[in-house]
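Read off the chains here:
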Number of protein chains: 2
Amino acid sequence: MNITIYDVAREANVSMATVSRVVNGNPNVKPTTRKKVQATIERLGYRPNAVARGLASKKTTTVGAIIPDISSIFFSELARGIEDIARMYKYNIILSNSDQNKENELKLINTMYEKQVDGILFMGGTITEDHINQFNTANVPVVLASTYDDTQSIAAVNIDYEAAAYEATKHLLESGDKHPAFVSGTLETTVDQYKYNGYKRALEEASITLNEDLIVKGDYSYESGLDAVKQLAELGKLPSAIFVAADEMALGVIHGVQDSGLKVPEDVQVFGFDNTRLATMVRPTLSTVVQPMYDIGAVAMRLLTKYMNKEEVTEKNVTLPHRIEVRDSTL
Amino acid sequence: MNITIYDVAREANVSMATVSRVVNGNPNVKPTTRKKVQATIERLGYRPNAVARGLASKKTTTVGAIIPDISSIFFSELARGIEDIARMYKYNIILSNSDQNKENELKLINTMYEKQVDGILFMGGTITEDHINQFNTANVPVVLASTYDDTQSIAAVNIDYEAAAYEATKHLLESGDKHPAFVSGTLETTVDQYKYNGYKRALEEASITLNEDLIVKGDYSYESGLDAVKQLAELGKLPSAIFVAADEMALGVIHGVQDSGLKVPEDVQVFGFDNTRLATMVRPTLSTVVQPMYDIGAVAMRLLTKYMNKEEVTEKNVTLPHRIEVRDSTL
DNA sequence: TTGAAAGCGCTAACAG
DNA sequence: CTGTTAGCGCTTTCAA
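Residues numbered from 1 in each chain as written. Chains lettered and ligands numbered in written order. Predicted model: local features only at pLDDT ≥ 70, side-chain atom pairs only at ≥ 80, totals over all residues. Heavy atoms only, no water.

An unreviewed UniProt entry lists chain A under the name Catabolite control protein A, with Oceanobacillus chungangensis as the source organism. Per its UniProt entry, chain A bears the Function (unreviewed entry) comment "Global transcriptional regulator of carbon catabolite repression (CCR) and carbon catabolite activation (CCA), which ensures optimal energy usage under diverse conditions." (UniProt positions renumbered as here; feature names shortened; annotations may be inferred.)

### A word on the overall build of chain A
A tally of helices and strands in chain A yields twelve helices and twelve strands. Principal-axis analysis of the C-alpha atoms gives chain A an extent of 85 × 40 × 35 Å. When the 331 residues of chain A are sorted by exposure, 56% land in the buried category. Across chain A, the fraction of contacts at a sequence separation of at least 24, relative to all contacts at a separation of at least 6, is 68%. For chain A, the exposed area adds up to about 14300 Å²; of that, 49% sits on carbon and sulfur atoms. Each charge sign in chain A was given a centre, from 34 positive and 43 negative side chains, and these centres are 14 Å apart. (Helix = DSSP H or I, 4+ residues; strand = E, 2+ residues; numbered from the N terminus. Buried < 20%, exposed > 50% of the residue type's maximum accessible area, 1.4 Å probe, protein only. Contact = heavy atoms within 4.5 Å. Areas by Shrake-Rupley, 256 points an atom, 1.4 Å probe, with all protein chains shown as cover. Lys, Arg positive; Asp, Glu negative; His and termini not counted. Charge placed at Lys NZ, Arg CZ, Asp CG, Glu CD.)

### Overview of the protein's contact with DNA strand D
The environment of DNA strand D is formed by 27 residues, the closest being Ile5, Ser20 and Tyr46 of chain A together with Arg21 and Lys30 of chain B. Each atom of DNA strand D within 4 Å of the protein belongs either to a base or to sugar and phosphate, the latter forming 62%. Ser20 of chain A places a polar side-chain atom, nitrogen or oxygen, 2.7 Å from a phosphate oxygen of DNA strand D. Within the side chain of Asn24 of chain A, one N or O atom sits 3.2 Å away from a phosphate oxygen of DNA strand D. Breaking the surface near DNA strand D down by element, the ones donating at least two residues are α2 (16-23) and α4 (50-57) of chain A together with α2 (16-23) and α4 (50-57) of chain B. Looking at which element gives the most residues to the surface near DNA strand D, the answer is α4 of chain A, with four residues. (Near = heavy atom within 4 Å. Polar contact = N/O pair within 3.5 Å; in protein donor to acceptor, adjacent residues only side chain to side chain.)

### With respect to the sheet that holds strand β10 (residues 287-290) of chain B
All names here are of chain B. Reading across the sheet, the six strands line up as β7-β6-β8-β9-β10-β12 and stay open at both edges, with mixed pairing between neighbours. The open sheet has two free edges, formed respectively by β7 (215-217) and β12 (323-325), since each of these has just one partner strand. For this sheet, the mean inter-axis angle between neighbouring strands, taken without regard to orientation, is 20°. Both strand β6 (residues 181-184) and strand β8 (residues 241-244) contribute to a ladder of three bridges, which runs parallel. Of the residues in β8, the one forming a bridge with Val183 is Val244. In the packing of helix α8 (residues 161-174) onto the sheet, the strands contacted are β8, β9 (269-274), β10 and β12, and the crossing angle to β9 comes to about 165°. The sheet strands contacting helix α11 (residues 247-259) are β6, β8, β9 and β10, and the helix crosses β9 at an angle near 165°. (Pairing = 2+ DSSP bridges. Axes fitted to C-alpha atoms, helices over the stretch in contact; angles between N-to-C directions.)

### Structural notes on the packing of α2 of chain A against helix α3 (residues 31-44) of chain A
Residues and elements named next belong to chain A. The N-to-C vectors of α2 and α3 enclose an angle of 85°; their axes lie 10 Å apart at closest approach. Here α2 is positioned roughly perpendicular relative to α3, judged by the angle of their axes. Along the contact surface, α2 presents Thr18, Val19, Val22 and Val23, while α3 presents Arg34, Val37, Gln38 and Ile41. For the contact of α2 with α3, the residue count by class is five nonpolar, two polar and one charged. (Parallel < 35°, antiparallel > 145°, perpendicular 65-115°, else oblique. Nonpolar A, V, L, I, M, F, W, Y, C, P; charged D, E, K, R; others polar.)

### Let's talk about empty space enclosed by the protein
Taken as a whole, this structure holds three cavities of 30 Å³ or more when the rule is applied. If you add up the space inside the largest cavity, you get close to 230 Å³. Taken together, the elements giving at least two residues each to the lining of the largest cavity come down to α4 of chain A together with α4 of chain B. Class assignment of the residues belonging to the lining of the largest cavity gives a composition of six nonpolar, four polar and two charged. Put simply, the second largest cavity is a space of about 60 Å³. Lining the second largest cavity we find Ala65, Ile70, Ala79, Ile82, Glu83, Ile93 and Leu95 of chain A together with Ile70 and Leu95 of chain B. Among the secondary structure elements, those contributing two or more residues to the lining of the second largest cavity are α5 (73-88) and β2 (92-97) of chain A. In terms of residues, the lining of the second largest cavity owes the most to one element, α5 of chain A, which gives three residues. Per-class residue counts for the lining of the second largest cavity are eight nonpolar, no polar and one charged. (1 Å grid on protein atoms, 1.4 Å probe; cavity = no way out; pocket = protein on both sides within 12 Å on 5 of 7 lines; lining within 4 Å. Points joined across faces, edges and corners; volume = space filled by probe spheres on them.)

Right, dumping it as C-alpha cells:
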C-alpha cells in the first residue's frame, strides 16, 4: 500500500486539505504547520498521486504529441524542442507516431483525449475536415507544428515554406542555371505543395517554362534521393542544378550524382531543405534552407502553454524566420 | 460538461456496472443489452475517462520512457521500436529526455511514478545505487534498453558490446593493420567501457602493446570525430585504421581523413559502430557493427509488458545478436 | 489559517 | 446476466 495524503494528514495532525495546500504551495498555511507537514511528507516518503490529482482537478499536466515518425531526424529535433519547453512548464509529453496515416492520426487524437491531456501538439501532413471535427470533440487546445491548416482555424507554428523554396530556387537560377530540377516530397502534404509553389514562382518570375520532366517525386528518404538521380539521368543528361525538398534526400542526390561520376557542384549543384545536422555531414557540405526545427517545436509548445493557461494569444499563426545557408554543394 | 458513464447508464436504462462491462469487453453481458449500450455510447459520443479509470483500477496503461536525447539518431530509432510495441499492447508512452544527467534521471523516475506509470523503460549511461534505490521507491517494473546494470538486478536488453568491439578491432587487425586507433565515447558509461574492453582484448590477443596515444575520447558527435582526426594527426602521421565507437562520429572521422587529403580506406580504414542509417549515407559507405536499435527498443518493451502482466519471464537479461557489416570504408 | 465534506468518473467486489 | 455500493487519492468549496 502506498502513502496517501490521508496518511500524511493523520501523522501530522492536520486535515487533508492542509496537506494539499502545502503540496500545492498555497500560501494560506501558517509557516509552522507548513514545516510540520513538510517534515512528515519527507519522513513518510509521500509522493502525490498525479492520477488522483488529475481526476479531482481536471488537469493532468500532460500534453499529447502526435508526430509522423520520431525516428526521422527532422521530427526528432522538433520533438526535442517540444519536450524541453514542456519540461520548463512542468508538463509531460505523451508521444505517439502516426506515420502520417489519417486513420492513425484520428485514433491517436481520441486516445489523447481519453487520457485527458491538457493540450495537443500535432504534426502531420494534411489537416482535413475530419481532423478538425475530431479536434472539436473535446475542449482542449491544439497547436500545429510544421503543419498547415488551410482553414487557419487551428493555431500553428511554421516557416514560410513557399518563400523559402522560392529563394532556394532563385539562388540556383542566379548562379546561371537554366532550369533547376526539383526533387519534391510526395506532394500530398500542404507543406510539399508550398515548396512546389515556391519553386514554380521562381521559375515563372525568370520566365522559364516549367518542364515537368525535371520534377521528381521522392519520399524524403536518402534512397529516394538516389532514385531521383537515376530517374533524372534517364533524360539523357543530368540537370546542372537540383533543388531537393529535404536534406536527407539531398544527400542521396549528392551521392547519386557522385556515384555516376559527376562532380558536385561543378557538374551538378544540389540545394537542400531543413538544415538538419546531415547538411554538414556530407562532402561537399550541403547548401540548404535553414529551418529552425527545434525552435518550431519550442515555440509551438510555448504557444500551447498559453492556451492551456488561458492567457491571451495575440498571434495564432506564428511564422518563424528561415534563411538560405550557402555551403559547398552550390557554386 | 462531458458525457460520463453515468449518463450512458441512465440513457440506456442500465447500471454503470453494465456500461463498464461493455466498455471493457467483459463477456458477462447479454448481447441485447450490449447492443443497446453500444448504441447509446455511440449516440452520446461517450469517451471513457482514462484518468478515472486509472484511479479506480490502479492501472494507467502508460509507461515512462527515459531517454538520453530523443534527437539522437541512435535513440530515436530505439524509441520508435519502443513505441511500436507499446502501441501493439495498448500502452502509451510518456517520453522524457535526461541528457544522461543523473539528477535529471532521478527526478524523471520520480515524476513517472507520480504519474502512476505501469512500467519504466530506461536508457542511460550508468546505473548507480541511487538509481536502484529510486527505482525501488515504487513497485513498478523497470527494463533497461541499451544500458547496463552491473549488479544485474534490473532486467535489460543489450547486445554484447565487448564482443562486438572485439570483432570490429579484430577485423581491422586481420586486414593487416599493426595497431588500429580507437575513438571512444567519454568512457564514463558502462557501454563505453565494454567497447573499450573489447578493443583491448583484440589487441592483447594479437600480442600488441596498447599505445595510449592511439585512444582518443570523443562525445559521439560528428564534430568530435573531426576533432579526433586532428588529435591523431598531431602524432605525426595518421594511423592506418581507426575504430570509432559510433557511426556519427565515424562519419566525422572519415571526413576528417578526407579533408586532410588522405583516402579512405586506402590510407586510413574506418570502422563504425551501430549501423544507423548514416552508415550508408557517406562515401565510402561505412563498415560498422550492426546493432539492432529498433529491436532493442521493441524487445525491451515486450519484456516490460510481460512484467506488467505478471507473466513469467525466463530471461531477465536479453542479449540480442550483433554482426559485422563490411562496406567500403575498410579494405 | 484550518477542517469537513462533497465529489471527480470509474472499477470491482458482492449480492442477487 | 445485472445492479448496488464502496472506494481509488486528491482538490475544492464552504464554514468556522
